[in-house]
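If you want the building blocks of each chain, they are given just below.
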Amino acid sequence: MNAYRWFGRGWLSLGYLFLYIPILMLIVFSFNNSRQDMVWSGFTLHWYSALADDQEIISGFLLSLKIALMAATASVILGTFAAFSLNNYRRFPGRALFKGMVSSPLVMPEVIIGLSLLLMFVSFEKMFGFPQRGLMTILFGHTVLGMAYATVVIESRLAEMSKSLSEAAMDLGCKPFQVFTLVTFPNITQALASAWLLTFTLSLDDVVLSAFLTGPGYSTMPIVIFSRARLGLDPRVNVVAALTILVVTIGVILSSWYIVRAERLRQKQISAAFQAEALH
């Protein structure tokens, strides 16, 4: 058994090394004094200060951040409605088609999604003069993709909830909207936060959809990085990646702490409710 255990741990360690050594090297070479890749010539913070003067990357980051914030929020709202409908209403006309349309972006290549959306927007622009490719078209594409992921996350949490909670609230006189706001919503806040973080990340680093749906003057940060990478990696790109990793790491730690804290609080509330019921 010990041999199998060490064998499994060894493969797991190799997997982690394969995943994280490139990230670690990228962070290290963001402090490299040389412009050449993989040639260490000394420690410097020059590229971090040079990034502040790179307006193309800064504007691309701000655009990506703006789109990611709006796309994540819209995806969670629409995904909540879709998940609630699929979970609570087992039979309604077109349910199978609706579920398939919601889930199709999960299995469909982004190239196909981007091309289809591009053709649709071009047709609309020819007929109505709107929308012109730019922020709104990128936002729409990211929301379509993010809604599918948000629906899966939220629907899985709704499926775990006991139906007795909603039924008890309705027996006590709550209307459906009150049941959702007072019972359902507090129990799915962790799923909503997870779905928002997931769709935010997907939107922030998306290249394929953004490349199809972007227009003149609207280059997101991934598109800027991708275009520069084709000409040779710029050390400022390493700096952007290092800072992104730092922000994401802090975000993951904070979100994990919040989810664990909220789960402990919910378990305490459930235990207190059972104790109060036992006393009565």
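Residues numbered from 1 in each chain as written. Predicted model: local features only at pLDDT ≥ 70, side-chain atom pairs only at ≥ 80, totals over all residues. Heavy atoms only, no water.

- Per an unreviewed UniProt entry, the chain carries the name ABC transporter permease subunit and comes from Undibacterium parvum.
- The heading Subcellular location (unreviewed entry) in the UniProt record of the chain holds the text "Cell membrane".
- In the Sequence similarities (unreviewed entry) part of its UniProt record, the chain is described as follows: "Belongs to the binding-protein-dependent transport system permease family. CysTW subfamily." (UniProt positions renumbered as here; feature names shortened; annotations may be inferred.)

Let's talk about the overall build of the chain
Next, step 1: The secondary structure content of the chain amounts to 12 helices and 0 strands.
Next, step 2: Tracing the chain from N to C terminus, the helices and strands come up as α-α-α-α-α-α-α-α-α-α-α-α.
Next, step 3: With the principal axes as the frame, the chain shows a C-alpha extent of 75 × 65 × 40 Å.
Next, step 4: Entry remark: accessible area of the chain is about 17900 Å², with carbon and sulfur atoms responsible for 70%.
Next, step 5: Of note, the chain has its 20 positive side-chain charges centred 5 Å away from the centre of its 15 negative side-chain charges. (Helix = DSSP H or I, 4+ residues; strand = E, 2+ residues; numbered from the N terminus. Areas by Shrake-Rupley, 256 points an atom, 1.4 Å probe, with all protein chains shown as cover. Lys, Arg positive; Asp, Glu negative; His and termini not counted. Charge placed at Lys NZ, Arg CZ, Asp CG, Glu CD.)

What about the packing of aromatic side chains?
Next, step 1: If you walk through the whole model with that rule in mind, you get 6 aromatic pairs.
Next, step 2: On the numbers, 6.1 Å between centres and 20° between planes, the contact of Tyr16 with Tyr20 is stacked. Remark: Tyr20 and Tyr16 occur in helix H1 (residues 2–29); sequence separation between them is 4 residues, near one turn of the helix.
Next, step 3: A centroid spacing of 5.1 Å and a plane angle of 10° characterise the contact between Trp196 and Phe200, whose relative ring orientation is stacked. You can see Trp196 and its partner Phe200 sitting in helix H9 (residues 189–204), 4 residues apart, about one turn around the helix.
Next, step 4: Trp196 gets classed as partly exposed once you look at its relative accessible area, which sits at 26%.
Next, step 5: For Phe200, a relative accessible area of 15% translates into the label buried.
Next, step 6: An aromatic cluster is defined as three or more aromatic residues linked by ring pairs; in this entry it consists of Phe31, Phe43 and Tyr48. (Phe/Tyr/Trp six-rings, centres within 6.5 Å; stacked < 30°, edge-to-face > 60°. Buried < 20%, exposed > 50% of the residue type's maximum accessible area, 1.4 Å probe, protein only.)

Regarding the pattern of salt bridges
Next, step 1: Tallied over the full model, the rule gives 3 salt bridges.
Next, step 2: Across the pair Arg236 and Asp54 runs a salt bridge, and its minimum N-O distance is 3.5 Å. Placement of Arg236 in helix H12 (residues 235–279) and of Asp54 in the loop between helix H2 (46–51) and helix H3 (55–88) is noted, with a sequence separation of 182 residues between them.
Next, step 3: Put simply, Lys99 and Glu155 hold a salt bridge, and the shortest N to O gap is 3.7 Å. Of this pair, Lys99 sits in helix H4 (residues 95–107) while Glu155 sits in helix H6 (residues 135–160), and the two are 56 residues apart along the sequence.
Next, step 4: A relative accessible area of 33% places Lys99 in the partly exposed class.
Next, step 5: Taking relative accessible area as the criterion, Glu155 reaches 18% and is therefore assigned buried. (Salt bridge = Lys/Arg side-chain N within 4 Å of Asp/Glu carboxyl O.)

Side note on the UniProt feature "transmembrane region" (unreviewed entry) in the chain
Next, step 1: Per the UniProt record, "transmembrane region" (unreviewed entry) is annotated on residues 12–31, 67–86, 106–124, 136–159, 179–200 and 239–260.
Next, step 2: Annotated as 100% helix and 0% strand, the span residues 136–159 places its first and last C-alpha atoms 33 Å apart.
Next, step 3: Taken end to end, residues 239–260 has its terminal C-alpha atoms 32 Å apart, with 100% of it in helix and 0% in strand.

Thoughts on the side chain of Thr80
Next, step 1: Along the polypeptide, Thr80 turns up in helix H3.
Next, step 2: Judged by relative accessible area, Thr80 falls into the buried class, the value being 9%.

Here's the deal with the environment of Pro131
Next, step 1: Residue position: Pro131 is located in the loop between helix H5 (110–128) and H6.
Next, step 2: Once the C-alpha coordinates of Pro131 and Asp205 are considered, the two residues, 74 residues apart in sequence, prove to be 23 Å apart.
Next, step 3: In this structure Pro131 touches Phe121, Phe124, Glu125 and Thr137, once residues within four positions along its chain are discounted. (Contact = heavy atoms within 4.5 Å.)

Notes on the nonpolar core
Most often, soluble globular proteins have nonpolar side chains that are buried together.
Next, step 1: The biggest cluster of nonpolar side chains holds 11 residues, and these are Leu63, Ile67, Ile113, Leu117, Leu118, Phe121, Leu135, Ile138, Leu145, Leu209 and Leu213.
Next, step 2: Listed by contribution, the elements that provide at least two residues to this core are H3, H5, H6 and helix H10 (208–213).
Next, step 3: Ranked by residues supplied to this core, first place goes to H5 with 4 residues.
Next, step 4: Residue contacts for Ile138: discarding those within four places in its chain leaves Ile67, Ser210, Leu213, Thr214, Tyr218 and Thr220.
Next, step 5: Core analysis: the second largest hydrophobic core is formed by 9 residues, Ala150, Ile154, Met161 and Leu192 among them. (Core = buried A, V, L, I, M, F, W, Y, C linked by side-chain atoms within 4.5 Å.)

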